[in-house]
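# Summary of structural features
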Amino acid sequence: MTSTPGLNRTDSAVRIVSLYPDLLGTYGDGGNALVLSRRLEWRGIAVEHITVDAGAPVPDSADLYLVGGGEDGPQVQATRELELSQGLHRAVDKGAVVLAICAGMQILGHRFPDATGTSRSGLGLLDCETVRVNRPRAVGELLTTNARLTTPHGLIELGPLTGFENHAGRTIPGSNAVSFASVEVGEGNGDGSEGVVTGTVVGTYLHGPALARNPRLADALLEWIVGPTEMTPLDDSDVNALRTERIHAAREHELAPRRSWRDILRRS
Amino acid sequence: MTAAPAPAPASGQTVKIRPRARLAVLVGRTVAWASRVVRFGTGSVIGGRVSLLVDRNLLAELTGSRDVAIVSATNGKTTTTKLLSAALSSRQPVVSNWLGANMTPGIVAALAAANSTDTAVLEVDERWVDSVLRATNASTVVLLNLSRDQLDRTQEVRKLAEQWRNALTSTPPRTVIANADDPLVTWAALAAPSVTWIATGQEWTADAAGCPACSGRIDFVDTGWACTSCDLRRPRVDVFVEDDTISIAGRSFRSPLALPGRVNRVNAAFALAASSAMGTDLDAAFDALDNITEVAGRYRVADFNGTNIRLLLAKNPAGWHEALELLEGPSTPLVIAINARIADGHDPSWLWDVAYERVGNRLVIAIGERRHDLAVRFRYGNITHRVAESLEEALELVRQSPDFDPTVPVDVASNYTAFQDHLEKVGGVL
């Protein structure tokens, strides 16, 4: 069963669930919930943010679910608990939007590698599979070409996506998945693309957090839920300054400003 | 002297240092001296590196005839090293690498410059505990905490806990002083034969939700913590920190520390417990602690271009959690600086794990190489903020603010390399 949430929402608050931040929250991904909440509040739209820790029941009636990145051990435990609860599965059936980051994206796919490299069953909510590849961990700025997301309200242009990636897997999208964009700098999925979208479930390797660095992606997810008419423009001058700087840094392959030999020796 | 008997070096000699080691020390000292002369720096690391090229077993050689304590943690290791050194100094000469050069080369350089029987208090990087413990056979190991830091390069904290556990298993020290409120540290320390457990009241638990022993879930309640799947739980504690009081060995000390904040009382408790385990009288140790007003520039109040500033260091979410205790309350503007160089970690996403909202209505000026990341964090925190290009420009904005109070030092809170930059501006380490 699917529905278009934006078209049949009532006037109640937008309900956002952060799933297991105690297990999957290593990379500041909790910031995505704050970004979404503020962008709704600033537009005068009521929002209810619910944090669900591991061990607690997963509600199936929220509008948007956030799953963050994490370490190998907790990643497996999160999968176990989500499989057991089935709350997220029911929510997706009802049309809820999901944003899953890095390890979160991997466990939402069909299969992913655990800490020992053994392939494990994922939740099957994203049509992709993650495998361990023989290359150094991808760590650094990740920049894409102009990205786009197709929602029931049409195709939304997201501009270049910018963030920081830190993962060892390669994610192979299936035939029921589309990516956001091509990778300009960095690794992304590992096949030259970045992002995996199946229906209302969106996965990405972008940390930073993703929605702090990419406000159009945040708004695209919100528009999916509240519809385009309520998405009034906001003052994004701070984030635009950050984006300009980070996009430049990624293109220059500049992780930190270069330092003189004298400076390096002084501190050694 | 209650120190452990010196381990016999491989050569079979006891105290006497091998000629090769003596040469290594001499060469290292010369290079360190040259480094200082040409004003490259303190020579605290480069001399050690060169010494180790001459004799790679030098650390074992240099610690063969002295008592050694190791202090490691994600946060607080420099301060605790300084406090423990002060506590032990009340009865014996102490050598320490308290300037923060905390890997083998820096440690070797510090030891090479000192008398060969001085007690050594060594700050050790989390990843180097195993090799330093093996080389030094330290009698006392102080383990404060483990939390996320430098996400892009340091191993996951769980793996660090495992390394610590293996290190304590293969080279058991006489005593471990460990944090009973940190499940990762507890699990590591349980491998040691004798542990003094400190109740730290640590509030930052976000990195320990998964059990290090079984990957189950750790339940945190008011009275402690326990794994819901295995029998790992908070051990019975020996030392408590409550408000202003440190309770140890049946006695209570009201903390008169000059260093501010709850976290420094915790650091002091570790230092007292360790110095006591190493044979120092508690009263003498305690008296030594309250004379310390700054640690390698942390908490320094200094004049900078006519404005009084106070330097604070906070480099990760757990560190900020403690630092914000000092920043909530006043209404005067403050400056926050974030860099993302190698020593800071290249990924400042952790800014979103810090509750900067606790500064309340204060104006915050964002500086440092990642000031725009800070500004975005503040924007979404509804925190009044401005962005400046430099400390000078930030203080100009502070002085223009109607909330500026010239009688109160302006807090400048920075992460690691930004802190070093600011410390240099006010005269460096004293």
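Residues numbered from 1 in each chain as written. Chains lettered and ligands numbered in written order. Predicted model: local features only at pLDDT ≥ 70, side-chain atom pairs only at ≥ 80, totals over all residues. Heavy atoms only, no water.

## Some thoughts on the overall build of chain A
Along the backbone of chain A there are 9 helices and 14 strands. Against the compact-globule benchmark of 18 Å for 268 residues, chain A has a radius of gyration of 18 Å, which places it among compact chains. Expressed as lengths along the three principal axes of its C-alpha atoms, the size of chain A is roughly 65 × 45 × 35 Å. Per-residue burial for chain A yields a buried fraction of 59% across its 268 residues. Restricting to contacts in chain A with at least 6 residues of sequence separation, those with at least 24 account for 71%. Element-wise, carbon and sulfur atoms account for 50% of the exposed surface of chain A, whose accessible area totals about 10,300 Å². One finds the centroid of the 25 positive side-chain charges in chain A at a distance of 6 Å from the centroid of its 33 negative side-chain charges. (Helix = DSSP H or I, 4+ residues; strand = E, 2+ residues; numbered from the N terminus. Rg over C-alpha atoms; globule rule 2.2 N^0.38 Å. Buried < 20%, exposed > 50% of the residue type's maximum accessible area, 1.4 Å probe, protein only. Contact = heavy atoms within 4.5 Å. Areas by Shrake-Rupley, 256 points an atom, 1.4 Å probe, with all protein chains shown as cover. Lys, Arg positive; Asp, Glu negative; His and termini not counted. Charge placed at Lys NZ, Arg CZ, Asp CG, Glu CD.)

## With respect to the pattern of salt bridges
Evaluated as defined, the whole model comprises 36 salt bridges over all chains. With a closest N to O distance of 3.0 Å, Glu-245 of chain A and Arg-246 of chain A form a salt bridge. Accessibility expressed as a relative area gives 21% for Glu-245 of chain A, which makes it partly exposed. A salt bridge links Asp-130 of chain B to Arg-134 of chain B, with the nearest nitrogen and oxygen atoms 2.6 Å apart. You can see Asp-130 of chain B and its partner Arg-134 of chain B sitting in helix 6 (residues 129-136), 4 residues apart, about one turn around the helix. For Asp-130 of chain B, a relative accessible area of 25% gives the class partly exposed. (Salt bridge = Lys/Arg side-chain N within 4 Å of Asp/Glu carboxyl O.)

## Description of the interface of chain B and chain A
Of the residues lining the interface, 40 residues belong to chain B; the matching set on chain A comes to 46 residues. Counting each side, the surface lost to burial between chain B and chain A is near 3,800 Å², with a carbon and sulfur contribution of 51%. Where chain B touches chain A, the interface holds 0 salt bridges. Inspection of the chain B/chain A interface yields 8 residue pairs in polar contact (both at pLDDT 80 or more). Mapped onto the side of chain B that touches chain A, the elements with two or more residues apiece are helix 2 (46-54), helix 7 (157-170), helix 12 (371-380) and helix 14 (416-425) of chain B. Broken down by element, the residue count for the side of chain B that touches chain A peaks at 7 residues, all from helix 12 of chain B. Tallied by class, residues from the side of chain B that touches chain A come to 12 nonpolar, 10 polar and 18 charged. (Buried area = accessible area lost by both parts, 1.4 Å probe. Polar contact = N/O pair within 3.5 Å; in protein donor to acceptor, adjacent residues only side chain to side chain. Nonpolar A, V, L, I, M, F, W, Y, C, P; charged D, E, K, R; others polar.)

## Some remarks on the packing of helix 9 (residues 262-277) of chain B against helix 10 (residues 282-289) of chain B
Residue and element names in this part refer to chain B. Where helix 9 contacts helix 10, the two axes come as close as 10 Å, and the packing angle between them is 145°. As for the relative orientation of helix 9 and helix 10, their crossing is right-handed in sense. Contacts between helix 9 and helix 10 involve Ala-268, Leu-272, Ser-275 and Ser-276 from the former and Leu-282, Ala-285, Phe-286 and Leu-289 from the latter. (Axes fitted to C-alpha atoms, helices over the stretch in contact; angles between N-to-C directions. Left-handed = near helix turned anticlockwise from the far one by under 90°.)

## Re the domain arrangement of chain B
Residues and elements named next belong to chain B. Taken domain by domain, chain B comprises domain 1 (19-289) and domain 2 (301-425). Each of domain 1 and domain 2 was reduced to a C-alpha centroid, and the two centroids are 28 Å apart. Together, the buried faces of domain 1 and domain 2 total about 1,500 Å²; carbon and sulfur atoms form 51% of this surface. The tally of links between domain 1 and domain 2 comes to 2 salt bridges. Measuring nitrogen to oxygen at the nearest pair gives 3.2 Å for the salt bridge that ties Glu-322 to Arg-262. Taken together, the connections running from domain 1 to domain 2 amount to 4 residue pairs in polar contact (both at pLDDT 80 or more). Classifying every residue of the side of domain 1 that touches domain 2 gives 4 nonpolar, 5 polar and 7 charged. (Domains from an automatic or database assignment.)

## Notes on the packing of aromatic side chains
The relative placement of two aromatic rings is captured by the distance of their centres and the angle of their planes. If you walk through the whole model with that rule in mind, you get 5 aromatic pairs over all chains. Every member of this aromatic cluster is reached through a ring pair, and the members are Trp-42 of chain A together with Trp-352 and Tyr-380 of chain B. Here the guanidinium or amino end of Arg-377 of chain B rests over the ring plane of Trp-352 of chain B, the centre of that ring lying 5.5 Å away. Here the guanidinium or amino end of Arg-379 of chain B rests over the ring plane of Trp-42 of chain A, the centre of that ring lying 3.9 Å away. (Phe/Tyr/Trp six-rings, centres within 6.5 Å; stacked < 30°, edge-to-face > 60°. Lys NZ or Arg CZ within 6 Å of the ring centre and 35° of its normal.)

## Focus on the pairing of strand 17 (residues 410-414) of chain B
Residue and element names in this part refer to chain B. Where burial is concerned, most of strand 17 is hidden: 5 out of the 5 residues are buried. The alternating pattern of strand 17 places Val-410, Val-412 and Ser-414 and Asp-411 and Ala-413 on opposite faces, both of which are buried. Examined bridge by bridge, strand 13 (residues 307-313) and strand 17 share 5 bridges and lie parallel to one another. Across the sheet, the residue bridging to Ile-309 is Val-410, located in strand 17. (Pairing = 2+ DSSP bridges.)

## Remarks on empty space enclosed by the protein
The probe, sized like a water molecule, is rolled over the atoms to show the empty space still left. One pass over the structure, following the stated rule, counts 3 cavities of 30 Å³ or more. Size it by volume and the largest cavity reaches roughly 100 Å³. In terms of lining residues, the largest cavity is bounded by 15 residues, among which Asp-22, Leu-23 and Thr-26 of chain A together with Arg-158 and Ala-206 of chain B are the most central. Counted by class, the lining of the largest cavity contains 7 nonpolar, 3 polar and 5 charged residues. (1 Å grid on protein atoms, 1.4 Å probe; cavity = no way out; pocket = protein on both sides within 12 Å on 5 of 7 lines; lining within 4 Å. Points joined across faces, edges and corners; volume = space filled by probe spheres on them.)

## Some details on the pairing of strand 2 (residues 47-52) of chain A
Residues and elements named next belong to chain A. The pairing of strand 1 (residues 14-19) with strand 2 spans 6 bridges and is classified as parallel. For Val-14, the partnering residue across the bridge sits in strand 2 and is Val-47. In this fold, strand 1 hands off to helix 2 (residues 31-41), which returns the chain to strand 2; that crossover is right-handed. (Right-handed = clockwise from strand over helix to strand, strands pointing away.)

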